[in-house]
Amino acid sequence: MADPAYQKMKTVRPDSKGRITLGKLAREFSGYTLKESADGTILLEPLVELPAREAWLFKNKEALASVEKGLKQSSKGKTKSLGSFSKHLKDDNE
């Protein structure tokens, strides 16, 4: 019986060297964390990499919480226009 917690289930078979290919499932990810439970269940958790210049955000809990709050507010339409920022732009001819 299929587990309703999963959107897709597929039977795969290892090749002669014990390898299992993920094919299209691996397209978007740079790697996987493999977790093995005592009963032999294996869970692959997809990983994605990010540029080092962006990693600071995930290390700074306060900044990350602020970004997450802003994204939630934005998704609920709780934003307001601050007007034009054009007055802050420098003209190359000045």
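Here, the structure is the one placed above.
Let me sum up the structure you'll find in this document.

Before going further, it helps to examine the pattern of salt bridges. Tallied over the entire structure, the rule returns two salt bridges. Note that Arg-19 and Asp-15 form a salt bridge whose closest N and O atoms lie 2.9 Å from each other. Under the relative-accessibility criterion, Asp-15 is labelled partly exposed at 34%. The salt bridge partner of Lys-35 is Glu-45, with a shortest N-O separation of 3.1 Å.

On the surface, a cluster of positive charge is made up of Lys-8, Lys-10, Lys-24 and Arg-27. By the element assignment, Arg-27 lies in the segment before strand S1 (31-36). Judged by its relative accessible area of 65%, Arg-27 falls in the exposed class.

This part takes up the packing of aromatic side chains. In the structure shown here, the tally under the stated rule is one aromatic pair. When the centroid spacing of 5.9 Å and the interplanar angle of 65 degrees are considered together, the rings of Phe-29 and Tyr-32 count as edge-to-face. Among the residues examined, Tyr-32 registers a relative accessible area of 28% and is labelled partly exposed.

Criteria and cut-off values
Residues numbered from 1 in each chain as written. Predicted model: local features only at pLDDT ≥ 70, side-chain atom pairs only at ≥ 80, totals over all residues. Heavy atoms only, no water. Salt bridge = Lys/Arg side-chain N within 4 Å of Asp/Glu carboxyl O. Buried < 20%, exposed > 50% of the residue type's maximum accessible area, 1.4 Å probe, protein only. Patch = residues over 30% accessible without salt bridge, like charges linked within 9 Å, V, L, I, M, F, W, Y side chains within 5 Å. Areas by Shrake-Rupley, 256 points an atom, 1.4 Å probe, with all protein chains shown as cover. Lys, Arg positive; Asp, Glu negative; His and termini not counted. Charge placed at Lys NZ, Arg CZ, Asp CG, Glu CD. Helix = DSSP H or I, 4+ residues; strand = E, 2+ residues; numbered from the N terminus. Phe/Tyr/Trp six-rings, centres within 6.5 Å; stacked < 30°, edge-to-face > 60°.

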